[in-house]
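Structural overview
Spelled out, the chains give:
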Amino acid sequence: MSDLPHENDQPDPLEGFDELIEAETTRDPDLAVIEAGSRTLRTQGGQPYADVPARPEDPELDRALREVEAELATRWGETKLEPSIGRIAALLDVLGEPQRSYPSIHITGTNGKTSTARMIEALLGAFELRTGRYTSPHVQSITERISLDGAPVSAERFIETYQDIKPYIEMVDAQQEHRLSFFEVLTGMAYAAFADAPVDVAVVEVGMGGSWDATNVIDADVAVITPIDLDHTDRLGETTAEIAGEKSGIIKQGATVILAQQPVDAAQVLLKKAVEVDATVAREGLEFGVVAREVAIGGQLLTLRGLGGEYPEVYLPLHGAHQAHNAAVALAAVEAFFGVGAQRAEPLDIEVVRRAFAAVSSPGRMEVVRRSPTVVLDAAHNPAGAAATAEAVQEAFDFTRLIGVVGASGDKNVRGLLEAFEPIFAEVVVTQNSTARAMDADELAALAVEVFGEERVQVEPRLPDALEAAITLAEEEGEFAGGGVLVTGSVITVGEARLLLGKG
């Protein structure tokens, strides 16, 4: 890994961006017909993050938070869905439509949503706007899902918000065929908390899909679509085009759409929806993008092309090309929010942008939680995410022997995930997390043996045992030989490992 490079070491940013444009314009010519009907954005002419919160130290406060968590747990979980926004709309109606009291940036996609949301939040906060962020799932604490000013709400505020709207939740429950779900209640809490703060802007990540997601009761001025791939195919569709159809539901009349690079069939669907609702579109690789990037200590140094021009020497303390692309998307979203490329031509203040990105963190995403041997946590849970993580690990670390700890959910494409990691894992320890969704360790082991071979697979059903086994295997290389451990497969697995390894 290199030190932060000097300005004279930078490649020509315009040359790199021309290559991006050339690559992008070789796509399916049918897109030209769709794009001709939509307007595109072309320019004319930090906030510190709190770490993942631990349990409250006050026993009474911890007990009260556990009571709220227990009540929420009696509701439909996030994997049981009845596609409708009727219930959440009814709740927000009796709450006085709190989501209409502030502008919003709405984010959907398959991978990268939470990291992108955190970057957008950091940028907005650096420009002295009060922010609310709603993301899911959480890594360790349920309070992570609702953030104000870059930090998760306190346990006290979380409990108060729930108690404040609980009578209205019960009122709506009594009127509906199905009670409000876990995710719907949390969404209502987030929108109410943002209005109560009050925030200047809300950054909202969808839970699943878009059209019928509980978050989709906002009319966001900016809609962000991160890369779409195959995930939740039983609910969203079996092709990226079908999935894009669901996710396009967050694109509202007259909004600005920030599109990350997409499969051609997904891009066609998204651009068609933009045409239908007269939305303005900015596309990665055309209106904005990553011009240059190189590995730096603790992250990477970027030159980004935004809607308003070049942003050189932007340090991002996150690893991987995928995070660089997330940064480009986040920057374009914030530029669009401020009217760059539409109402104003000049770029955002470069020094503010640099400070914001330098302060970004994304717990559980290529996060180093231990040294000697190095233990990295990453919440990749589908093949596309795993492939991005595998590439990032090879780029950012010089492991001579990498041991995987994998605990996955049974409703995912686990074989595809394992296949993405096979080239980089010397051995894999399969395990399971504590949730009902977790794939049984023996079932996971059977798949792993087919992918890795029996001699490279070890089974440890308990996560603490799996971590100990993986660390022992990595230590066999010796203290200075470059052994490492990557814990992955599920946000839940990563969260539980994070606790066991002393984070939070």
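Not measured: the values here are computed from a predicted model.

Moving on, we get to empty space enclosed by the protein. Each pocket or cavity is described by its volume, and for the largest cavity that value is around 80 Å³. Taken together, V52, T114, R118, R133, T135, P137, H138, V139, E144, P363 and R365 form the lining of the largest cavity. A breakdown of the residues in the lining of the largest cavity according to their chemical character gives four nonpolar, three polar and four charged.

This part takes up the pairing of strand 7 (residues 222–225). Regular strands place side chains that alternate from one sheet face to the opposite one. By the alternation rule, side chains of strand 7 split into V222 and V224 and A223 and I225, which are all buried. As paired elements, strand 7 and strand 8 (residues 256–259) share four bridges and run parallel to each other. Residue pairing for strand 8: A223 is matched across the bridge by V257.

Read across the sheet, three strands follow the order 10-11-12 without closing on themselves; strand pairing throughout is antiparallel. Sheet topology places strand 10 (289–296) and strand 12 (309–316) at the edges, where each strand pairs with a single neighbour. Pairs of neighbouring strands in the sheet enclose a mean axial angle of 15 degrees, with direction left out of account. Inspection of the sheet shows strand 11 (residues 299–306) paired to strand 12 by six bridges, in the antiparallel sense. Residue L301 lies in a different strand from strand 12, and its bridge partner there is Y315. Contacting strand 11 and strand 12, helix 12 (residues 350–358) runs over the sheet at an angle of about 30 degrees to strand 12.

With their axes 8 Å apart at the nearest point, helix 13 (residues 383–396) and helix 14 (residues 414–421) run at an angle of 15 degrees to one another. The pairing of helix 13 with helix 14 is recorded here as roughly parallel in orientation. When the axes of helix 13 and helix 14 are compared, the crossing they make is right-handed. Contacts between helix 13 and helix 14 involve P383, A386, A387, T389 and A390 from the first element and G416, L417, A420 and F421 from the second. The residue makeup of the contact of helix 13 with helix 14, split by class, is seven nonpolar, two polar and no charged.

Time to look at the nonpolar core. The biggest cluster of nonpolar side chains holds 42 residues, and the ones touching the most others in it are I120, V224, I258, L304 and F357. Those elements that provide at least two residues to this core are strand 2 (104–108), helix 5 (113–126), strand 6 (201–205), strand 7, strand 11, strand 12, helix 11 (321–337) and helix 12. Apart from the residues within four sequence positions on either side, L304 is in contact with G289, V290, V291, G309, E310, Y311, A324, A327, A328, L331 and F357. Counting 40 residues, the second-largest nonpolar core is a separate cluster that includes A64, L92, M189 and A202.

To continue, consider the pattern of salt bridges. As enumerated under the stated definition, the model contains 27 salt bridges in all. Measuring nitrogen to oxygen at the nearest pair gives 3.1 Å for the salt bridge that ties E69 to R55. Of this pair, E69 sits in helix 3 (residues 59–73) while R55 sits in the loop between strand 1 (39–40) and helix 3, and the two are 14 residues apart along the sequence. In this structure, a network of salt bridges that share partners links the residues R55, D62, R66 and E69.

As a further point, take the confidence of the model for the protein chain. Averaged over every residue, the pLDDT of the protein chain is 87; the share at 70 or more is 86%. The low-confidence segment residues 1–50 (pLDDT under 50) makes 117 contacts with residues lying over four places distant or belonging to another chain.

Looking at the secondary structure, you find T215 in the loop between strand 6 and strand 7. Taking the relative accessible area as the measure of exposure, T215 reaches 0% and is therefore buried. Those residues in contact with T215, other than ones at most four positions away along the chain, are H106, Y134, F183, T187, Y191, V204, E205 and V206. Separated by 2.9 Å, the side chains of T215 and H106 make a polar contact. At a separation of 2.5 Å, a polar atom in the side chain of T215 contacts the side chain of D213.

Now for the packing of helix 5 against helix 12. Remark: helix 5 packs on helix 12, axes separated minimally by 8 Å, with the N-to-C direction vectors making an angle of 135 degrees. Taken together, the axes of helix 5 and helix 12 are oblique relative to one another. As for the relative orientation of helix 5 and helix 12, their crossing is right-handed in sense. Residues M119, A122, L123 and A126 of helix 5 lie in contact with helix 12, whose contacting residues are V352, V353, A356 and F357. Residues that form the contact of helix 5 with helix 12 fall into these classes: eight nonpolar, no polar and no charged.

This next bit is on helix 6 (residues 155–175). Taking 1.5 Å of rise per residue, 21 residues should cover 30 Å, and helix 6 covers 30 Å from first to last C-alpha, within 8% of that figure. For helix 6, the principal kink sits at K166 and spans about 45 degrees; a proline, P167, occurs within the next four residues. Of all the residues in helix 6, the buried ones are A155, F158, I159, T161, Y162, I165, I169, V172 and D173. Looking at the buried positions of helix 6, the neighbouring elements they touch are helix 3, helix 4 (86–94), strand 4 (146–148) and helix 7 (182–196).

A cluster of like negative charges, contributed by D58, E156, E160 and D164, occupies part of the molecular surface. Residue position: D164 is located in helix 6. Judged by relative accessible area, D164 falls into the exposed class, the value being 56%.

Secondary-structure assignment places N216 in the loop between strand 6 and strand 7. Given the relative accessible area of 8%, N216 is considered buried. A distance of 3.1 Å separates the side chain of N216 from the backbone oxygen of S211, its partner in a polar contact. Discounting residues that sit within four places of it in the chain, N216 has contacts with I85, H106, G210, S211, G249, I250 and K252.

Turning to a nonpolar patch on the surface, a few remarks are in order. On the surface, V94, Y168 and M171 cluster together into a nonpolar patch covering about 220 Å² of accessible area. On the secondary structure map, M171 appears in helix 6.

Next up on the list: the environment of V414. Relative to the assigned elements, V414 resides in helix 14. You can call V414 buried: its relative accessible area is 3%. The sequence separation of V414 and G489 amounts to 75 residues, and the corresponding C-alpha distance is 8.2 Å. If we ignore the near neighbours within four places in the chain, the residues touching V414 are A408, S409, M439, L444 and L447.

About the criteria used
Residues numbered from 1 in each chain as written. Predicted model: local features only at pLDDT ≥ 70, side-chain atom pairs only at ≥ 80, totals over all residues. Heavy atoms only, no water. 1 Å grid on protein atoms, 1.4 Å probe; cavity = no way out; pocket = protein on both sides within 12 Å on 5 of 7 lines; lining within 4 Å. Points joined across faces, edges and corners; volume = space filled by probe spheres on them. Nonpolar A, V, L, I, M, F, W, Y, C, P; charged D, E, K, R; others polar. Buried < 20%, exposed > 50% of the residue type's maximum accessible area, 1.4 Å probe, protein only. Helix = DSSP H or I, 4+ residues; strand = E, 2+ residues; numbered from the N terminus. Pairing = 2+ DSSP bridges. Axes fitted to C-alpha atoms, helices over the stretch in contact; angles between N-to-C directions. Contact = heavy atoms within 4.5 Å. Parallel < 35°, antiparallel > 145°, perpendicular 65-115°, else oblique. Left-handed = near helix turned anticlockwise from the far one by under 90°. Core = buried A, V, L, I, M, F, W, Y, C linked by side-chain atoms within 4.5 Å. Salt bridge = Lys/Arg side-chain N within 4 Å of Asp/Glu carboxyl O. pLDDT = per-residue confidence, 0-100. Polar contact = N/O pair within 3.5 Å; in protein donor to acceptor, adjacent residues only side chain to side chain. Expected span 1.5 Å × (residues − 1). Bend = angle between axes of the 7 residues up to and from the residue. Patch = residues over 30% accessible without salt bridge, like charges linked within 9 Å, V, L, I, M, F, W, Y side chains within 5 Å. Areas by Shrake-Rupley, 256 points an atom, 1.4 Å probe, with all protein chains shown as cover. Lys, Arg positive; Asp, Glu negative; His and termini not counted. Charge placed at Lys NZ, Arg CZ, Asp CG, Glu CD.

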